[in-house]
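Architecture at a glance
Chain by chain, the residues:
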Amino acid sequence: MTTATSLKEFWATARASAASGELIKITLSKPRHKALDLPRNRYGRLVEIKNNTQLQITHRYDDREEVKNHLVGQGISLLESALGEDYGNADLFTTTQQLSLSLSRKGNARFQRRTLNPRAGALKIKKPVLDHNREKHRDIPADRPYLQALGITNAHGQVLREGKRKFKQINKFVEIIDALLKEHPLTNGARIVDMGSGSGYLTFALYDHLVNTRALDVSVTGVELRPKLVEKCRDIANRNNFQRLHFVEGYIDDYNPDRIDMLIALHACDTATDDALHKGLLADAEIMVVAPCCQKQVRRDMEVPAGLKPMLDHGILLERQAAMLTDSMRALLLEAEGYKTKLFEFIPLEHTAKNVMITAVKAKKRPKALEEFRALRKQFGVKKHYFRKLIKGSKKAVNGE
C-alpha cells in the first residue's frame, strides 16, 4: 500500500467513524521538531456541546494541557494537516477497529489495521460517551437519602446549587480518609470521634462510606455543642438506620470517652482545635485529622521579626503568617509526640478560606521537632502556644506535679 493510499484510508475511516458516532479517539504523537509551541501529542474525541457533536482536541504540553473544540470535519482536517508536518505517528480507535499510521522522515508509511471481533468478547468497545463534562466518580453518590435531609440534594438525588460546595467537600474528605486508612488501617471495632460535628454532613458521609461501602467495623460519634443540631442529626441517623452513628451534646474539652482511635475536628474555632488534638493525644489515637480556623491565639501573642516587617506590615499577610505559624507549630508538637504529619490544601480557596488540613498518624517520636518548635517560637516572639500548654499540663498531671 502506497503512502498516499495509507493516508487516504486512515482519514477516510476517521471521518466515517466520526459520522457514525463510533469514533473513540484520534491521537497524534512523535513530534518532528522542537518548536516551542508544539504539544508533545494531540488527542481528539467526540463531545456533545449544546446538542451539537464536536471534536474536542487536547493539546498536551509538558507542563499543561489546552483544550479546543472544533466542528468535526474541521477538527479532523486540522489533525490531518499536522500529521507528517508536525507529527510522525497517528492512531485511530473506533468501536470496531484500531488503525495505526507511522510516517518516516523520507515519507514512507507503515499502516496497520486491527479489526475487533465482537465474538471475541472483551475486545468489543462500547460507543463513546459524548458528555462534555463527564460525570466524575464519587465515593458518596448524590442519591444518598441523608444528603436530601441535610439540604445538599433534592428529592430526585440531584445536587442543589447551594449544596455543590458541600457535596464536593464531603467527597474530598472521604477520599482523604481512604488514603489514610490504606497507610494506617484501623482495628476492628475502632471508634471515630468527630469533635465539633456541626450540621453533620461530613460525619454522615464518613460513616456511610466506611460502614456501608467499605464494610468496616467502626462506630462514629459526633460531638456538637448546639442542641438543635444534635437532635436534627440524631433524627437523620435514625431515619437512615445508621445504628453505629451517634451524636452527643457538649464541649470538646468536656467530652471524655474511654477510647478514640481516629479523631476528627474540622473547623473547630481557634484553640478548640488544640483541645481536640489534646483529646487525641490523651486517648493515644491512631489517626488525627483537623482543619483549623479562626486562628487568633498565636496572632495576639506573636511579634513580627524585624526582617519580615516590610512584608507583614500588611494585615492580610500578617493574618496568613499567623495561621501558618500556628499550624506549623501544631504539626511539630505532634511529631515530637510520635506522629507523622502532613499539611495540605483540603478544599480550593474558591470554596472556603478555611482550607488547610493537618493529618497525623502514629509513628516514632521525632525529638528534633521540639527543638524546631522552640526555634520558631523564639523567632516570632511567641510566649506561649495553647497546644503546648495543654501537653505540658497533662504530663505534669501524670507525674504528679
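Look a little higher up for the structure.
What this report covers is the structure whose coordinates are included nearby. Counting starts from 1 at the beginning of each chain's written sequence and moves along it residue by residue. Per-residue local features are limited, in this predicted model, to residues with pLDDT of at least 70; the limit for side-chain atom pairs, both in listing and counting, is 80 or more; totals at the level of whole chains, interfaces and linings are taken over all residues. Hydrogens and water molecules were not included; the side-chain quantities draw on all heavy atoms of the structure.

Every helix listed is a DSSP run of H or I at least four residues long, and every strand listed is a run of E at least two residues long, numbered separately from the N terminus. Per the secondary structure count, the protein chain includes 12 helices and 14 strands. Taken over the C-alpha trace, the protein chain has a radius of gyration of 28 Å; the compact-globule value for 401 residues is 21 Å, which it surpasses by more than 25%. Summarising its shape, the C-alpha atoms of the protein chain cover approximately 90 × 60 × 35 Å along the three principal directions. When each of the 401 residues of the protein chain is scored for burial, the buried share is 45%. What makes two residues a contact is simply this: any of their non-hydrogen atoms within 4.5 Å. Considering only contacts within the protein chain whose residues lie at least 6 apart along the sequence, 66% involve residues at least 24 apart. Roughly 21700 Å² of accessible area belongs to the protein chain as shown, and the carbon and sulfur atoms make up 50% of that amount. Within the protein chain, the 48 negative side-chain charges are centred at a point lying 4 Å from the centre of the 67 positive side-chain charges. Atoms counted for the radius of gyration: C-alpha only. Globule rule: 2.2 Å times the number of residues to the power 0.38. Think of it in three bands: residues with accessible area under 20% of the maximum for their type are buried, residues over 50% are exposed, and the middle band is partly exposed, with areas taken using a 1.4 Å probe on protein chains only. Calculation of accessible area relied on Shrake-Rupley with a 1.4 Å probe; when residues are assessed, cover is drawn exclusively from the protein chains displayed. Only four residue types enter the charge count, namely Lys and Arg as positive and Asp and Glu as negative; His and the chain termini do not. The atom standing in for a charge is NZ when the residue is Lys, CZ when it is Arg, CG when it is Asp and CD when it is Glu.

With that settled, the discussion passes to the environment of V67. The residue V67 is located in strand β4 (residues 65–71) in this model. Between the alpha carbons of V67 and G44 there is a distance of 9.5 Å; along the sequence they are 23 residues apart. With sequence-adjacent residues up to four places away left out, V67 is seen in contact with Q56, I57 and T58.

Further remarks concern the side chain of E224. With respect to the helices and strands, the residue E224 is situated in strand β9 (residues 218–224). As used in this structure description, the phrase polar contact means that two N or O atoms lie within 3.5 Å; if the pair is within protein, one of them must be able to donate a hydrogen and the other to accept it, and residues adjacent in sequence are counted only when both atoms belong to side chains. At 2.7 Å, the side chain of E224 forms a polar contact with the backbone nitrogen of G198. What E224 contacts, discounting residues up to four positions off in sequence, is G196, S197, G198, L229, V230, V248, E249 and G250.

On to the pattern of salt bridges, then. Any carboxyl oxygen of Asp or Glu within 4 Å of a side-chain nitrogen of Lys or Arg constitutes a salt bridge here. Per the counting criterion, the structure on display carries 19 salt bridges. Residue E224 is joined to R226 by a salt bridge in which the shortest nitrogen-to-oxygen separation is 2.7 Å. Using a relative accessible area of 5% as the deciding quantity, one classes E224 as buried. With its nearest N and O atoms 2.5 Å apart, the salt bridge here joins E335 to R366. One end of the pair, E335, is in helix α10 (residues 315–336); the other, R366, is in the loop between β14 (356–362) and α11 (368–379), with 31 residues separating them in the sequence.

For sheets, the rule is that strands pair by backbone hydrogen bonds, running either parallel or antiparallel. The criterion for strand pairing is that DSSP finds at least two bridges linking the strands in question. Within the open sheet, the seven strands sit side by side as β4-β3-β2-β1-β5-β6-β7. Their pairing is antiparallel. Edge positions in the sheet fall to β4 and β7 (109–115), since each has one partner strand and no second. Mean inter-strand twist for the sheet, computed between neighbouring axes without regard to direction, equals 15°. By the bridge criterion, three bridges tie strand β1 (residues 23–31) to strand β2 (residues 41–49) in an arrangement that is antiparallel. If you follow T27 over to β2, its bridge partner there is Y43. For every element, the axis is a line fit to its C-alpha atoms; helices are fit only across the contacting stretch, and the angle between N-to-C directions ranges from 0 to 180 degrees. Here helix α1 (residues 3–20) sits on the sheet and contacts β1, β2, β5 (87–94), β6 (97–103) and β7; the angle it forms with β6, its principal contact strand, is near 145°.

A word on the sheet that holds strand β13 (residues 339–345). Ordered in space as β10-β9-β8-β11-β12-β14-β13, the seven strands form an open sheet in which the pairing is mixed. Unpaired on one side and paired on the other, β10 (245–249) and β13 mark the two borders of the sheet. Averaged over all adjacent pairs, the angle separating strand axes in this sheet is 15°, with direction ignored. Alignment of strand β12 (residues 287–293) against β14, held across four bridges, turns out to be antiparallel. By the bridge assignment for β14, V290 is matched with I358. Sitting on the sheet, helix α7 (residues 272–282) is in contact with β8 (190–195), β11 (262–269), β12 and β13, with an inclination near 170° to β11.

The next point concerns the nonpolar core. In terms of nonpolar packing, the biggest core is built from 43 residues, with Y146, F173, I177, I192, F204 and V289 touching the most fellow members. Every residue in contact with F173, bar those within four places of it in the chain, is listed here: L202, L206, I264, L266, V289, F346 and M357. Core analysis: the second largest hydrophobic core is formed by 37 residues, V193, V298, L318 and V382 among them. Only buried residues count toward a nonpolar core, which is a set of Ala, Val, Leu, Ile, Met, Phe, Trp, Tyr and Cys residues joined through side-chain atoms within 4.5 Å.

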